[in-house]
Amino acid sequence: MGMKDKFQDQSEQWQQQAKEKAQQAREKGQERGRPQRGQEDPERMRREREREETERMQREEEDRMSQDYDA
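Residues numbered from 1 in each chain as written. Predicted model: local features only at pLDDT ≥ 70, side-chain atom pairs only at ≥ 80, totals over all residues. Heavy atoms only, no water.

S.K.: Just checking my understanding: could you explain the overall build of the chain for this structure?
M.R.: Looking only at helices and strands, the chain features two helices and zero strands. The 71 residues of the chain split such that 0% are buried. Of the roughly 7,300 Å² of accessible surface on the chain, a fraction of 47% belongs to carbon and sulfur atoms. (Helix = DSSP H or I, 4+ residues; strand = E, 2+ residues; numbered from the N terminus. Buried < 20%, exposed > 50% of the residue type's maximum accessible area, 1.4 Å probe, protein only. Areas by Shrake-Rupley, 256 points an atom, 1.4 Å probe, with all protein chains shown as cover.)

S.K.: Help me understand the pattern of salt bridges, please; the structure alone is not making it clear to me.
M.R.: Side-chain pairs of opposite charge can arise where the charged atoms are in close proximity. All told, the structure shown has eight salt bridges when counted by the stated rule. For E61, the salt bridge goes to R64, with nearest N and O atoms at 2.7 Å. Of this pair, E61 and R64 both sit in helix α2 (residues 42-70), three residues apart, which is roughly one turn of the helix. Given the relative accessible area of 39%, E61 is considered partly exposed. The exposure class assigned to R64 is partly exposed, which follows from its relative accessible area of 42%. Ionic contacts of the salt-bridge type, sharing partners, join the residues E43, R46, R47 and E50 into one network. (Salt bridge = Lys/Arg side-chain N within 4 Å of Asp/Glu carboxyl O.)

S.K.: How should the environment of R46 be read in this particular structure?
M.R.: Within the fold, R46 resides in helix α2. A distance of 2.5 Å separates a polar atom in the side chain of R46 from a polar atom in the side chain of E50. (Polar contact = N/O pair within 3.5 Å; in protein donor to acceptor, adjacent residues only side chain to side chain.)

Read these as spatial facts, not as claims about activity.
Given below as structure tokens:
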């Protein structure tokens, strides 16, 4: 086996190992990352509540501003 073949084989082995590790990481992430049915992600729920609160405050401020201009 020539040097070129040796390096090519080694490169292919590394590529295969990288693919396997990436697949394992994806599988592990899916197991950990997704809440089970019926369970909610607390961080996502917190962000949603904050967004709703911010929107509510903006609407209230706009209402106060429009009332000031109407008077």
